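# Results of the structural survey
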Amino acid sequence: MKKSIIILAESAKYGESCVAGFDVKKEQLIRLVADENGGPIPNEYLNHIEPLDVVEVEINEAVPLTYQPENYRIDLNIPAEFKGKVQLQTIIEAMRVFPQDRLIFGNPYKILYENEISSIGKSLACYHVSNLQVYVSNNYQGRPKSRADFDCNGQHYEGIYVTDRDFFDLAEKKNIGDAYLIMSLPNKPWIAEDNTKLYFKFIAKIFPLNENL
């Protein structure tokens, strides 16, 4: 089955790509995966495809996971076919038909606990934010990771991990201001030292408004 998809994000995941898009026909956010376990898409499959490209992909089946109901397994043997590009405004208009939750994935923090994520019902979302700043700081293992602070619907968010490769290896803090974010949740948790299961929120793609509109 072929689907026309507007690519919204191809963010870093285990050295390959987590690909989120907008299903043109069904008008919904979806995630393209390599297998039934939500595996990332090999980088070579994308073949210079970028966010806001319209592509046609071969879908094998829907493979929803407990916390990622939007997953679709694609046939990696059939290359994605480039069909054109859209402006960010196209996505903004399309997303306006969906009610936007006041809080991003249910709380104003960078993580969800298991009792919280079980009630979310989705793992992809698009949000308009302001006062966006992106910077690099070390994680718990001492490794440099991109993070972001921003305001959304009157709530301030801090330290949200950024997996958009365009914002890796920043030499200094980048003040972006207004932007649209493609937000993502994992299906599997990070296990803390006390065995608490933590689900981190990720910014899969940043669309600065002053560059796209």
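Here the structure is a predicted model, which means the values were calculated and not measured.

### Observations concerning the side chain of Arg147
Position of Arg147 relative to the elements: it lies in strand E9 (residues 144-152). Side chain to side chain, Arg147 and Tyr161 meet in a polar contact 3.1 Å long. Once residues lying within four places of it in the same chain are set aside, the contact partners of Arg147 are Lys110, Gln133, Val134, Tyr135, Ser137, Asn138, Asn139, Gly159, Ile160, Tyr161 and Val162.

### Examining empty space enclosed by the protein
Applying the stated criterion across every chain, the model contains one cavity of 30 Å³ or more. There is about 40 Å³ of room inside the largest cavity. Along the walls of the largest cavity sit Ile7, Val19, Leu32, Ile41, Tyr45, Leu46, Ile49, Val55, Val57 and Ala80, which together make up its complete lining. For the lining of the largest cavity, the secondary structure elements donating two or more residues are helix H1 (43-46) and strand E4 (53-62). When its residues are assigned to classes, the lining of the largest cavity shows 10 nonpolar, no polar and no charged.

### With respect to the sheet that holds strand E7 (residues 111-113)
Spatially, the three strands line up as an open sheet ordered E7-E13-E12, and their pairing is antiparallel. If you trace the sheet from one side to the other, it starts and ends with E7 and strand E12 (190-191), each paired once. Bridge count for E12 against strand E13 (residues 197-200) is two bridges, and the pairing is antiparallel. Its bridge partner lying in E13, Ile191 is registered against Lys197.

### Comments concerning the pairing of E4
In this sheet, E4 lies alongside strand E1 (residues 2-13) in antiparallel orientation, the contact comprising five bridges. Of the residues in E4, the one forming a bridge with Ile5 is Val55. Where E4 and strand E6 (residues 81-85) come together, four bridges link them in antiparallel fashion. Along E6, the bridge assignment pairs Val54 with Gly84. Sheet analysis places E4 next to strand E5 (residues 71-74), joined by three bridges and oriented antiparallel. By the bridge assignment, Glu61 is partnered in E5 with Arg73.

### Topic: the state of the cysteines
Evaluated as defined, the whole model comprises zero disulfides. With no disulfide of its own, Cys126 lies closest to Cys152 among cysteine sulfurs, the gap being 9.9 Å. Overall, Cys152 belongs to the buried group, its relative accessible area being 2%.

### Some thoughts on the sheet that holds strand E10 (residues 155-162)
Here five strands make up a closed barrel; going around it, the order is E8-E9-E10-E14-E11 and the pairing mixed. Ignoring strand direction, the axes of neighbouring strands in this sheet form an average angle of 50°. In the sheet, strand E8 (residues 124-138) pairs with E9 via seven bridges, with the strands oriented antiparallel. The residue of E9 that forms the bridge with Ser137 is Lys145.

### With respect to unusual backbone geometry
One non-glycine residue, Asn131, lies in the positive phi region at around 55°. As for its position among the elements, Asn131 is in strand E8. Positive phi values are uncommon outside glycine, yet Asn195 reaches one of about 70°. Topologically, Asn195 is positioned in the loop between E12 and E13. In this structure Asn195 comes out as exposed when scored by relative accessible area, which is 61%.

### Examining the side chain of Arg31
Turning to its location among the elements, Arg31 is positioned in strand E3 (residues 28-33). Within the structure, Arg31 has its side chain in polar contact with the side chain of Asn71 (distance 2.8 Å). Apart from residues no more than four positions distant in its own chain, Arg31 is found in contact with Cys18, Val19, Ala20, Gln68, Glu70, Asn71, Tyr72, Ser123, Leu124, Ser184 and Leu185.

About the cut-offs
Residues numbered from 1 in each chain as written. Predicted model: local features only at pLDDT ≥ 70, side-chain atom pairs only at ≥ 80, totals over all residues. Heavy atoms only, no water. Helix = DSSP H or I, 4+ residues; strand = E, 2+ residues; numbered from the N terminus. Polar contact = N/O pair within 3.5 Å; in protein donor to acceptor, adjacent residues only side chain to side chain. Contact = heavy atoms within 4.5 Å. 1 Å grid on protein atoms, 1.4 Å probe; cavity = no way out; pocket = protein on both sides within 12 Å on 5 of 7 lines; lining within 4 Å. Points joined across faces, edges and corners; volume = space filled by probe spheres on them. Nonpolar A, V, L, I, M, F, W, Y, C, P; charged D, E, K, R; others polar. Pairing = 2+ DSSP bridges. Disulfide = S-S within 2.5 Å. Buried < 20%, exposed > 50% of the residue type's maximum accessible area, 1.4 Å probe, protein only. Axes fitted to C-alpha atoms, helices over the stretch in contact; angles between N-to-C directions.

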